[in-house]
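Residues per chain are reported as follows:
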Amino acid sequence: MIWSLTETLPREEIERIQLKNLKKTVKRAYKNVPHYRQKMKQMGLKPEDINELSDVRLLPFTTKDDLRSNYPFGMFAVPPEKIVRYHASSGTTGNPTVVGYTKKDMENWKECIARLVTMAGVTKRDTAHISFGYGLFTGAFGLHQGLERVGAGVVPMSSGNTRKQIKIMKDFGATVLIGTPSYALHLAETAEEMGLDPAVDLKLRVGCFGGEGSTEAMREKLAETFGIFASENYGMSELMGPGVAGECTQLSGMHISEDHFLAEIIDPVTGEVLPAGETGELVITPITKHALPLLRYRTKDITSLHYEPCACGRTTARMAKIGGRTDDMLIISGVNVFPSQIEEVLYGIEGIGSNYQITVTKQGFLDKISIDAEVVDHEIIDSLSALEDLHRQIGESMHTVLGIHPKINLVEAKTLKRSEGKAQRVIDLR
Amino acid sequence: MLIKQLSVFIQNQRGHLADVTEVLARNGINIRSITVTEGHEFGILRIITDDPYRAAHLLEEEGYLVKISNVLAIEPADKPGTMAGIFRALSEAGIDVRYIYSIIRPTHGKVPTIILKTSDHEKAAQVMKEIGVPVVEEEEIYTCENDQEDR
Ligand SMILES: [Zn+2]
């Protein structure tokens, strides 16, 4: 089912709405946020200069640091009496980034969540178990309100107390699980420890996961373990919270609520906008926000945008799974290389496992990159020629995608560390 | 009739052979034959042990990628022309030989045992029978007289 007609409008109509909303947002930001007025004045830019959608490129970028240095409410465009909700992102160091919502913002948030849960197959007949922590973090409240709008029965379980979560899920007959993919896997393990088969003893049929990135392998594991349709959604508190984008049942990327968010992909080094389909940093301008109207927010997330209509009937742009953070980007002798590109190549090669390690060194003035990939195919290991073919195939695919020739090492599976996150997958010794 | 041989993927790095064989040593598994095929940066370790399934399981538990494959063991007579005769017969029967190595079973007579990986073991065994080359039974390779005396 499709929640809103807006999701199926012809592209020109979507763009017309986006332009209208963008103009209003720029006006609000210019008029009410000193940070933006000052920046735009420095650039010799006025709200009236935004006349077509591509003019968004004229606007200044916003970063998390801008929000931090205007802590707590410096970037707000409305007085406190207009704010009906505050949230904040967990800052491990220094100030957290604080976000606020007006009544209208709250309505839009519910609408965006209603769209993404509907996309995943949730209806008013469902019982949704929320395992996100309730608090300053946007995840729990965001999903909660949107699920209520759809009419689903919400179980506001919050995080922690895993065994009790299993019991409540089982006794309440939860059909939808909301949470982070890693906590969901932990729930499954705990259920198994309790002697339950999550696919049989729980009634779950849909999972809406977010709050952190997940790999395709994780999605498959979740789908299999719980016997569910596992969908991913995307958002961040600075932009709204969850609700920016979500996966439909076609699993062909996450549909962006484009009447609320204008998405661009840029080269993270030059800031240049890249053509549709190319991989780079996601930049989002929320175009309906009143309390905190951000211009061109740099998400630091690496993805690509696809504008072809989806088989599900929606015409909204789809963003690919997040393939890493710009902080992870490697510059190898002047060429931008994302670990996610390497992961994608390895994922597409049969006989190679999901673990890998990238090592970058400097030899003289040259950057050298090597990739350790695990051999996992039992069938080929009795044949040296098959192994050598595999080795060559990886090298060629890497060259096609990266434009450089990394050294490929086929390694024994046990030599690579197990699932310890992306950070440890790259060792930069330069 | 066919021998269960273990192929283990290993990197060409110092210590890796020791690591693999120590797994077997710790578990009291005896290696009947061992051979390494060398590539540039990796190789294939092929071993025959007295307990192939347990050995494979133990190695997998340690994270090694292991394949159990069938090989044929034969005992050709120790005289000129035997090997030539074998290969000619296999070739005429349309059977390819992928690799070969020989093993010594010290307690077993004076003839060496030849291990063959062919494209069709069943047919190859039949050809051996026709030309009078003895095919060694699985159990004979896994166990040897020394073991029996020990037990
Ligand atoms: Zn779709």
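It should be emphasised that the depicted structure is a prediction, and the values quoted were computed from it without experimental measurement.

What counts, and where the lines are drawn
- Residues numbered from 1 in each chain as written.
- Chains lettered and ligands numbered in written order.
- Predicted model: local features only at pLDDT ≥ 70, side-chain atom pairs only at ≥ 80, totals over all residues.
- Heavy atoms only, no water.
- Pairing = 2+ DSSP bridges.
- Helix = DSSP H or I, 4+ residues; strand = E, 2+ residues; numbered from the N terminus.
- Axes fitted to C-alpha atoms, helices over the stretch in contact; angles between N-to-C directions.
- Donors = N, O, S within 2.8 Å, 3.2 Å for Na, K, Ca; no water.
- Buried < 20%, exposed > 50% of the residue type's maximum accessible area, 1.4 Å probe, protein only.
- Phe/Tyr/Trp six-rings, centres within 6.5 Å; stacked < 30°, edge-to-face > 60°.
- Contact = heavy atoms within 4.5 Å.
- Salt bridge = Lys/Arg side-chain N within 4 Å of Asp/Glu carboxyl O.
- Parallel < 35°, antiparallel > 145°, perpendicular 65-115°, else oblique.
- Nonpolar A, V, L, I, M, F, W, Y, C, P; charged D, E, K, R; others polar.
- Polar contact = N/O pair within 3.5 Å; in protein donor to acceptor, adjacent residues only side chain to side chain.

(A) Broad picture of the sheet that holds strand S18 (residues 366–375) of chain A. Residues and elements named next belong to chain A. Read from one edge to the other, the open sheet built from 4 strands follows the order S19-S18-S17-S20, with strand pairing classed as mixed. The sheet is open, and its two borders are formed by strand S19 (407–411) and strand S20 (426–428), each paired with just one other strand. Along the sheet, successive strands turn relative to each other by an average axial angle of 15°, direction set aside. Relative to S18, strand S17 (residues 352–363) is paired through 9 bridges, and the arrangement is antiparallel. Paired with threonine 359 across the bridge in S18 is serine 370.

(B) Seen up close, the coordination of the zinc ion. Residues and elements named next belong to chain A. Those protein atoms acting as donors to the zinc ion are Cys248 (SG), His255 (NE2), Cys310 (SG) and Cys312 (SG), and they sit at 2.1 to 2.3 Å. One chain supplies every donor for the zinc ion, spaced along it as C-x6-H-x54-C-x1-C. With a gap of 57 residues between them, histidine 255 in strand S9 (residues 254–256) and cysteine 312 in the loop between strand S13 (305–306) and strand S14 (318–319) connect regions that are remote in the sequence. A relative accessible area of 2% places histidine 255 in the buried class.

(C) Spotlight on the packing of aromatic side chains. Here the structure, examined in full by the defined rule, presents 8 aromatic pairs over all chains. Measuring from ring centre to ring centre gives 4.6 Å for tyrosine 101 of chain A and tryptophan 109 of chain A, while their planes differ by 5°; the resulting arrangement is stacked. Take tyrosine 101 of chain A and tryptophan 109 of chain A: they sit in the same class, and that class is buried. With a centroid separation of 5.7 Å and an interplanar angle of 40°, the aromatic rings of phenylalanine 9 of chain B and phenylalanine 42 of chain B are classed as tilted.

(D) How the structure looks around the environment of phenylalanine 365 of chain A. Inspection of the secondary structure puts phenylalanine 365 of chain A in the loop between S17 and S18. Spatially, the C-alpha atom of phenylalanine 365 of chain A lies 8.7 Å from that of serine 333 of chain A, the residues being 32 residues apart in sequence.

(E) Structural view of the sheet that holds strand S2 (residues 31–38) of chain B. The 6 strands lie next to each other as S2-S3-S1-S4-S6-S5 (chain B), forming an open sheet whose pairing is antiparallel. A strand with exactly one partner marks an edge of an open sheet, and here the two such strands are S2 and strand S5 (97–103) of chain B. Shown here is a sheet whose adjacent strand axes are inclined to one another by a mean of 35°, direction ignored. The pairing of strand S4 (residues 66–74) of chain B with strand S6 (residues 113–118) of chain B spans 3 bridges and is antiparallel. By the bridge assignment, isoleucine 74 of chain B is partnered in S6 of chain B with isoleucine 114 of chain B. Across the sheet, helix H11 (residues 384–402) of chain A lies against strand S1 (3–11), S2 and strand S3 (42–49) of chain B, angled at about 150° from S3 of chain B, the strand it touches most. Sheet contacts for helix H4 (residues 121–130) of chain B: S4 and S6 of chain B; angle to S4 of chain B, the most-contacted strand, approximately 15°.

(F) Representation of the pattern of salt bridges. Residue and element names in this part refer to chain A. If you walk through the whole model with that rule in mind, you get 30 salt bridges over all chains. One salt bridge in this structure joins glutamate 308 and arginine 318, with 3.5 Å as the shortest N-O distance. Placement of glutamate 308 in the loop between S13 and S14 and of arginine 318 in strand S14 is noted, with a sequence separation of 10 residues between them. Classification of arginine 318 by relative accessible area gives buried; the value is 9%. Each of the salt bridges in this network shares a partner with another, and the network as a whole consists of Lys362, Asp367, Asp428 and Arg430.

(G) Broad picture of the packing of helix H1 (residues 11–32) of chain A against helix H2 (residues 34–42) of chain A. Residue and element names in this part refer to chain A. Viewed as axis vectors pointing N to C, H1 and H2 meet at an angle of 100°, and their least axial separation amounts to 5 Å. With respect to each other, H1 and H2 are oriented roughly perpendicular. Contacts between H1 and H2 involve Val26, Ala29, Tyr30, Lys31 and Asn32 on the former and, on the latter, Pro34, Tyr36, Arg37, Met40 and Lys41. Class assignment for the residues of the contact of H1 with H2 results in 6 nonpolar, 1 polar and 3 charged.

(H) Fine view of the side chain of arginine 115 of chain A. Residues and elements named next belong to chain A. Structurally, the position occupied by arginine 115 is in helix H4 (residues 103–119). With relative accessibility at 3%, the residue arginine 115 sits in the buried group. One polar contact links arginine 115 to serine 257, side chain to side chain, over a distance of 3.0 Å. Dropping the residues within four chain positions of it, arginine 115 is found in contact with Trp3, Ser4, Thr6, Glu7, Ser257, Asp259 and His260.

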